[in-house]
Amino acid sequence: MVEPAQGGAWPRYRDDEVAEQPSVTLDAFLDQSNAGAVRLEPDDDARRLIPHLGRLSLIEIAFPKYRDGRGYSSARILREAGYIGELRAQGDVLVDQIAFMRRCGFDSFAPEGSLNPEAVERALAVYPHAYQGAADGAQAIWKLRHG
Amino acid sequence: MYKYDNYDQAMVDARVAEFRDQVKRRLAGEMTEDQFKPLRLMNGLYLQLHAYMLRVAIPYGTLDSRQMRMLAHIARKYDRDYGHFTTRQNIQYNWIKLEECGDLLEELASVEMHAIQTSGNCIRNISSDQYAGAAADEVTDPRPWAELLRQWSTFHPEFSYLPRKFKIAVIASPEDRAAMRLHDIGLELVKKDGELGARVFVGGGMGRTPMIAPEINSFVKADDLLSYIEACLRVYNRYGRRDNIYKARIKILVHEIGADAYRAQVEEEFAHVKALGIDPPLAELERIAVFFDLPEPIQSEVRHSREGGDPSPDHSIDAIVQEIDSRLRGGDDWGAFETWVKQNVKPHKAPGYAIVNISLKPIGGIPGDASSSQMEVMADLAEKYGFDELRVTHAQNIVLPHVAKRDLYTVWQALSEAGLANANLDLISDIIACPGLDYCSLANARSIPVAQKISKRFGNLDRQRDLGELKLKISGCINACGHHHAGHIGILGVDRKGVENYQLTFGGSGAQDVSIGKIIGPGFDEDGVVDAVEKATEVYTRLREGEERFIDTYRRVGLEPFKEAIYG
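One numbering rule holds for all chains: residues counted from 1, following each sequence as written. The order in which chains are written sets their letters, starting at A; the order in which ligands are written sets their numbers, starting at 1. Selection of residues for local features in this predicted model requires a pLDDT of at least 70, selection of side-chain atom pairs for listing and counting requires 80 or more, and totals for whole chains, interfaces and linings are taken over all residues. Values reported for side chains reflect all heavy atoms of the structure, with hydrogen atoms and water molecules removed beforehand.

1. Re the overall build of chain A
Just so we agree on the cut-off: Labels follow the DSSP assignment, with helices taken as runs of H or I lasting at least four residues and strands as runs of E lasting at least two, numbered in each case from the N terminus. When we talk radius of gyration, it's over C-alpha atoms, and the globule rule is simply 2.2 Å times the number of residues to the 0.38. Buried, partly exposed and exposed residues are distinguished by accessible area as a fraction of the type maximum, computed with a 1.4 Å probe on protein chains only: under 20%, between the cut-offs, and over 50%, respectively. Any pair of residues with heavy atoms lying within 4.5 Å of one another is described as a contacting pair. The protein chains shown are the only cover counted for residues, whose accessible areas, like all others here, come from Shrake-Rupley with a 1.4 Å probe. When charges are counted, Lys and Arg are positive and Asp and Glu negative, with His and the chain ends excluded. A single reference atom marks each charge: NZ on Lys, CZ on Arg, CG on Asp, CD on Glu.
A count of helical and extended segments in chain A gives five helices and five strands. When the elements of chain A are put in sequence order from the N terminus, they spell out β-α-β-β-α-β-α-β-α-α. Taking 2.2 N^0.38 as the reference for a compact globule, 147 residues should give roughly 15 Å; the C-alpha atoms of chain A span a radius of gyration of 15 Å, in line with that estimate. Across its three principal axes, chain A shows a C-alpha extent of roughly 50 × 35 × 30 Å. Residues counted as buried form 50% of the 147 residues belonging to chain A. In chain A, 48% of the contacts between residues at least 6 apart in sequence involve partners at least 24 apart. Counting only carbon and sulfur atoms, one obtains 48% of the accessible surface of chain A, whose full area is about 6,900 Å². Where the 17 positive side-chain charges of chain A centre and where its 22 negative ones centre are 7 Å apart.

Quick look at the structure:
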């Protein structure tokens, strides 16, 4: 994990270069086939991106309010469809949501407020296991039990 | 009963540590109340009128004596020596100090208990039939399925910021003792061609827009269940309304788009989710089910009676009374004991056993409250005479599910001494009531005093028993925590220009004859509503035919005769 680059996202759990181009709205993306970064609002249907995932390097999912959990489903849908590019949670992202977001497939964060690095690390280390499968590859507890 | 393994314990311990840290940051001012709120709510901690209220989960209402003693200890050490059992089969404490929460949760964790997801917009405690494992009419014990769902829903990363709270109930009997179809998801376990699976109902609920859940699937196989429920939740998380808190429950989504459209979306999502491999193998359900096996002496009796020892056991209460030691019949207390057996004891699937209901509804008391010492008495009785099991019911009572018939008298005596032998199960004084304006920051009116007045008005047990089954439920606001929509008689407290006013509804039911009550007319003040209830019971006794219950008579004759007597 590195300190935020100018205009970049932090924390970020990827080794590749940060996408240079600004993200466009879903409608703009679907009209303009050369964009490599797109931004989904909570009410955008993530499935509309599925035919185009191969040429996207960044999908930004907006959280205007942390209480609005639609973006968690959008993230999982994209990962389940095989998207391997950067998946960024942007907006009202708080330290106590980071662990769930990681499990849903987010690998970078652009919170409006700043996050305390120590608190982020602590939050990610709280739970030793997970009860259910999600997008992060963690083995569900039932899998650990039954080998 | 389910026992935690190292994984389960590690998860609960981690939660305690996490919440301790969150409380510390809140107390240090590193977090605003607004930021802290969703975190404490996922730990069952509410800020009420006078203090913090903590709701402790009792998964599917099942607990053992050690856990009940811990609940008593918590009440004594951290609260004012009592707790309140809720309609979600949980317990809540009304006078909790934020700075003591970490210690309290740590004590709970030491007996495999927690407050995880007892509030907040997430999947709440899974509720079930309080007679599970003991009921003669069940196709299987629903609790292993409920435990499977508990684990799947715990810290679910995708469904922790849903549009609104989400409640799931699981039953396995044709008789519905858990208000199953008034849940966001209701599951009824059924057998099809020898295989167990679930009928799935989605979109029920009470609140300001009561709805009965329509059937979305008539049979989901055990090893598809989690995928199917995950699909149900994902459709809701994506499309449930978030613009208006009062329209955010799944019932509104299902109602607005229609059950068929919702079903189609779920099927589509299920086809996708099923491929992810999130369903545990049946071996996991079997692993869990072993914990719920009946105690050996009961099992061998069930086997014996099935194998032709008694081809058609008489499960009636009269049969139970007949079997009780005849030497007791001469005693001064025989009458009171016999009445209690007839009212509060229910037949068990094993011939030598019975189900004991402990009513937490003394005349003039607060429905669902129990003192620390009462909790300890119940724990002792469970340990000595009940194979160490207790249940909490959605009607705010306690059950000892496996008591040998020969011990009934001893158990009754001990309950009597503790003020717990109220023989009023399912009678008019067995009232469900929310905490109301005495505690709750959402309430518009008080519920408890109304419950107390009605209970006193009908204090005479013979009169109550003559009225028979009459489910009366009181909510202090439109959120309907007191289940008034499902009451044969329901009372809803509202605020009318600064004055508490009570509306009366008739005809609701949370059982297998599920229905939503209808408002009968203009509201009343506190004493007026008690009078109106009394008048309604008089109309019933005048018009009833045969064995009709209040609700049967009401359904047959309609509202008019009642309205005439009350408003006439």
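2. Structural notes on the overall build of chain B
Within chain B one finds 19 helices and 20 strands. With the C-alpha coordinates aligned to their principal axes, the bounding extent of chain B is approximately 65 × 65 × 50 Å. Taken across its 568 residues, chain B has 62% of its residues classed as buried. Sequence separation of 24 or more characterises 68% of the internal contacts of chain B that already satisfy a separation of 6 or more. Counting every atom, chain B has about 20,500 Å² of accessible surface; 49% of that belongs to carbon and sulfur. In chain B, 69 positive and 83 negative side-chain charges are present, and the distance between their average locations comes to 5 Å.

3. Side note on the domain arrangement of chain B
Residues and elements named next belong to chain B. Note the following rule: Throughout the structure description, domain borders are defined by an automatic or database domain assignment. Here the buried area means the combined drop in accessible surface, using a 1.4 Å probe, for two parts upon being joined, counting both sides.
Taken domain by domain, chain B holds domain 1 (6–109), domain 2 (134–284), domain 3 (306–417) and domain 4 (432–567). Using only C-alpha atoms to locate each centre, domain 2 and domain 3 end up separated by 33 Å. The interface of domain 2 with domain 3 comprises eight residues on the first partner and 10 residues on the second. Interface area, domain 2 with domain 3, both sides summed: about 580 Å², of which 55% is carbon and sulfur.

4. Things to note about helix H4 (residues 101–109) of chain B
For H4 of chain B, the tally of buried residues reaches seven of nine residues, placing the bulk of the element in the interior. Considering only its buried residues, H4 of chain B is in contact with helix H1 (6–27), strand S1 (45–47), strand S2 (52–56), helix H3 (65–78) and strand S5 (91–96) of chain B.

5. So, the packing of aromatic side chains
Note the threshold: For Phe, Tyr and Trp, rings pair up if their centres lie within 6.5 Å, where Trp contributes its six-membered ring, and each pair is then called stacked (planes under 30 degrees apart), edge-to-face (over 60) or tilted (otherwise). Remark: a charge is flagged as sitting over a ring if the NZ atom of Lys or the CZ atom of Arg is within 6 Å of the ring centre and within 35 degrees of the ring normal.
On inspection of all chains with the given rule, the structure shows 26 aromatic pairs over all chains. With a centroid separation of 5.5 Å and 45 degrees between ring planes, the pair formed by Phe166 of chain B and Tyr236 of chain B is classed as tilted. Here Tyr236 of chain B lies in helix H6 (residues 225–239) and Phe166 of chain B lies in the loop between helix H5 (143–153) and strand S7 (168–171), a separation of 70 residues in the sequence. The rings of Tyr13, Phe63, Tyr66, Tyr72, Phe106 and Phe109 of chain A together with Tyr161 of chain B are connected pair by pair, giving a single aromatic cluster. When the ring centre of Trp95 of chain B is taken as reference, the NZ or CZ atom of Arg80 of chain B above it lies at 3.6 Å. Stacked on the ring of Tyr246 of chain B, the Lys or Arg Arg208 of chain B has its end atom at 3.5 Å from the ring centre.

6. A look at the pattern of salt bridges
Going by this rule: Should a side-chain nitrogen of Lys or Arg be within 4 Å of a carboxyl oxygen of Asp or Glu, the pair is scored as a salt bridge.
Applying the stated criterion to the full structure yields 75 salt bridges over all chains. One salt bridge in this structure joins Arg12 of chain A and Asp16 of chain A, with 2.9 Å as the shortest N-O distance. Given the relative accessible area of 11%, Arg12 of chain A is considered buried. With its nearest N and O atoms 3.3 Å apart, the salt bridge here joins Asp21 of chain B to Arg25 of chain B. With Asp21 of chain B and Arg25 of chain B both in helix H1 and four residues apart, the pair spans about one turn of that helix. Classification of Asp21 of chain B by relative accessible area gives buried; the value is 17%. Linked through salt bridges whose partners overlap, the residues forming this network are Arg12, Arg14, Asp16, Glu60, Arg79, Glu86, Arg88 and Asp107 of chain A.

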